[in-house]
Amino acid sequence: MSWKLVFSIEFINDVAVSVGIFLLFLILRKIFSKYVIALLIKVIRKTHNAFFSYIFLSFEKPIQWLFILLGIYVSVWYFPYLDQRHVLFIKLIKSSIIFLVGWGLYNFSSSSTLLFAKLNERFNFEVDEILIPFLSKVLRVIIVIISFSGIAEEFNYNVIGFVGGLGLGGLAFALAAKDAIGNLFGGVIIVTEKPFTIGDWILTPSVEGTVETITFRSTRIRTFAQALVTVPNAKLANETITNWSEMGKRRIVFNLSVTYETSKDKLEDVMKQIEYMLKNHPEIHQDTIVVKFDKYGIDGLDIYVYFFTKTTVWKEFLKVKEEINFEIMNILDNEGVSLAIPNRKLYVNSNSEETQSETYLRNSQDSI
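Everything numeric in this text was worked out from a predicted model, so none of it was measured. (Residues numbered from 1 in each chain as written. Predicted model: local features only at pLDDT ≥ 70, side-chain atom pairs only at ≥ 80, totals over all residues. Heavy atoms only, no water.)

K.L.:
Summarise the overall build of the protein chain; cite the residues concerned and give the values.
P.N.:
A count of helices and strands for the protein chain gives eleven helices and ten strands. Taking all 368 residues of the protein chain together, the buried fraction comes to 30%. For the protein chain, the proportion of contacts with a sequence separation of at least 24, taken over those separated by at least 6, is 63%. Surface summary for the protein chain: the accessible area is close to 24,200 Å², and the carbon and sulfur share equals 61%. (Helix = DSSP H or I, 4+ residues; strand = E, 2+ residues; numbered from the N terminus. Buried < 20%, exposed > 50% of the residue type's maximum accessible area, 1.4 Å probe, protein only. Contact = heavy atoms within 4.5 Å. Areas by Shrake-Rupley, 256 points an atom, 1.4 Å probe, with all protein chains shown as cover.)

Put into structure tokens, the structure is as follows:
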């Protein structure tokens, strides 16, 4: 048997063994992903520890690829015609491991809400709802930068020199990205000063609605017409913001005008009943209730009514306001007191004979 034939047989055997080793790792990967991880997650869920289940779910894909990486390494190590100690091969393996670890941490950083909840539960470390998405994104950026730096260092690339090189074009970059930087700092101002949070009803000169999302660049606000408005953080941070959700109570104020035919006793009785009704209404704030005879109006006697509702929710506020209006109507009807209707008298002189005609111009009364 010639040496060429022996060489061919040995080569085929080595290739077959290397391929078999790689296929074995593929089978182990399948078994691990289908049974081992599922079993571990099942056991952890029985212990009601969601934190570790999130860890396993975050690293599930990277671990599966780690089996492929190990299969390649062991196959090359067994195959005699490839040098597993080659510098480039070692660098590729190490870079792949760094990438897989970074991938798992990147996935886990999306579960930062759970992480902060655990921190708050253990150390009373309170994190605002606005801050959580920001911190999650910051963690992801840091993980990407560290992973990229680690891979670059493996290939002997000077990361510090690269960063320094960016400084040469820093001025041009800053001018090109000034709007993005302004939005970023606007977002930081919104997070630190907290003029509003997610879910708040706010009013600005440019938009009114409910805050849905706050990102590095912009804030998304859902208007009452169900349109989604995206406002750059730089603009929003420089605007006057009214946060209606921070109201502890909501004001109702109006003048109730009754006819001049109403007697003093009737007027006092009506005011007492209105005040009593407001003080006994479950949805009216009891700190400030004012029902006073205010002035002699042009068309009637004006009663000043001033109070607050406990609710600040717009629909509930309107419902309470409607109930109060109906109650006042009942009080006026029961006492036989009429609302003053605006009217005018017109006097006309004709043929030296003075005649008087009276014209009533009735205007629809504004709703209370």
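K.L.:
Tell me about the nonpolar core, and please be specific about residues and values.
P.N.:
One finds Ile-274, Leu-278, Val-291, Ile-303, Phe-307, Ile-324 and Ile-328 to be the most contacted residues of the largest nonpolar core, which totals 24 residues. Breaking this core down by element, the ones donating at least two residues are β6 (250-258), α10 (264-279), β7 (284-296), β8 (301-309) and α11 (314-335). Setting aside anything within four residues of it in sequence, one finds Ile-324 in contact with Met-277, Leu-278, His-281, Ile-284 and Phe-307. Within the second largest apolar cluster, nine residues are counted, among which are Ile-190, Phe-196, Ile-202 and Val-231. (Core = buried A, V, L, I, M, F, W, Y, C linked by side-chain atoms within 4.5 Å.)

K.L.:
Kindly report on the packing of aromatic side chains, identifying the contributing residues and their values.
P.N.:
One pass over the structure, following the stated rule, counts six aromatic pairs. Ring plane angle 40° and centroid distance 6.2 Å describe the contact between Phe-99 and Trp-103, whose orientation is recorded as tilted. Taken together, the positions of Phe-99 and Trp-103, both in helix α3 (residues 87-109) and four residues apart, correspond to about one turn of that helix. On the basis of relative accessibility, which here comes to 26%, the residue Trp-103 falls in the partly exposed class. Considering the side-chain rings of Trp-201 and Phe-224, the 5.5 Å spacing of their centres and the 80° angle between planes classify their relative orientation as edge-to-face. Remark: Phe-224 occurs in the loop between β3 (218-222) and β4 (228-232) and Trp-201 occurs in strand β1 (residues 201-203); sequence separation between them is 23 residues. (Phe/Tyr/Trp six-rings, centres within 6.5 Å; stacked < 30°, edge-to-face > 60°.)

K.L.:
Go over the side chain of Glu-239, please, and point to the residues and values.
P.N.:
By the secondary structure assignment, Glu-239 is in the loop between α9 (233-237) and β5 (242-243). At a separation of 3.4 Å, a polar atom in the side chain of Glu-239 contacts the side chain of Thr-204. Setting aside residues no more than four positions away along its own chain, Glu-239 makes contact with Thr-204, Pro-205 and Ser-206. (Polar contact = N/O pair within 3.5 Å; in protein donor to acceptor, adjacent residues only side chain to side chain.)

K.L.:
Before we move on, can you summarise the confidence of the model for the protein chain with the specific residues and values?
P.N.:
Here the protein chain averages 77 in pLDDT, and 72% of its residues register 70 or above. Every residue in residues 352-368 scores below 50 in pLDDT, and together they form 24 contacts with partners more than four places removed in sequence or on other chains. (pLDDT = per-residue confidence, 0-100.)

K.L.:
If you had to explain unusual backbone geometry to someone new, which residues and values would you point to?
P.N.:
The backbone of Gln-226 sits at a positive phi, close to 70°, despite the residue not being glycine. Mapping Gln-226 onto the fold places it in the loop between β3 and β4. The class for Gln-226 is exposed, based on a relative accessible area of 55%.

K.L.:
Account for the sheet that holds β6, naming residues and giving values.
P.N.:
Reading across the sheet, the three strands line up as β6-β8-β7 and stay open at both edges, with antiparallel pairing between neighbours. Here the strands that pair on one side only, and so sit at the sheet edges, are β6 and β7. Along the sheet, successive strands turn relative to each other by an average axial angle of 15°, direction set aside. As defined by bridge partners, β6 adjoins β8 across nine bridges and the pair is classed as antiparallel. Among the inter-strand pairings, Phe-254 is bridged to a residue of β8, identified as Val-305. Of the strands in this sheet, β6, β7 and β8 are in contact with α10, which crosses β7 at around 165°. (Pairing = 2+ DSSP bridges. Axes fitted to C-alpha atoms, helices over the stretch in contact; angles between N-to-C directions.)

K.L.:
Go over α3 with me, naming the residues and quoting the values.
P.N.:
Helix length check: α3 (23 residues) gives 33 Å between terminal C-alpha atoms against 33 Å at 1.5 Å per residue, within 8%. Turning to α3, its buried residues number three or more, namely Phe-89, Lys-91, Ile-93, Ser-95, Leu-100, Gly-102, Gly-104, Phe-108 and Ser-109. (Expected span 1.5 Å × (residues − 1).)

K.L.:
I'd love a proper account of a negative patch on the surface, names of residues and values included.
P.N.:
On the surface, a cluster of negative charge is contributed by Glu-283, Glu-316, Glu-322, Glu-323 and Glu-327. Within the secondary structure, Glu-327 sits in helix α11. (Patch = residues over 30% accessible without salt bridge, like charges linked within 9 Å, V, L, I, M, F, W, Y side chains within 5 Å. Salt bridge = Lys/Arg side-chain N within 4 Å of Asp/Glu carboxyl O. Lys, Arg positive; Asp, Glu negative; His and termini not counted. Charge placed at Lys NZ, Arg CZ, Asp CG, Glu CD.)

K.L.:
Give me the lowdown on the packing of α10 against α11, citing residues and values where you can.
P.N.:
Packing of α10 against α11 brings their axes to within 10 Å, and their N-to-C directions diverge by 150°. Between α10 and α11, the interaxial angle falls into the category roughly antiparallel. Judged by the sense of rotation from one axis to the other, the crossing of α10 with α11 is right-handed. Between α10 and α11, the residues in contact are Lys-266, Asp-269, Val-270, Gln-273, Ile-274, Met-277 and Leu-278 and Ile-324, Glu-327, Ile-328, Ile-331, Leu-332 and Glu-335, respectively. Among the residues forming the contact of α10 with α11, the class breakdown is eight nonpolar, one polar and four charged. (Parallel < 35°, antiparallel > 145°, perpendicular 65-115°, else oblique. Left-handed = near helix turned anticlockwise from the far one by under 90°. Nonpolar A, V, L, I, M, F, W, Y, C, P; charged D, E, K, R; others polar.)

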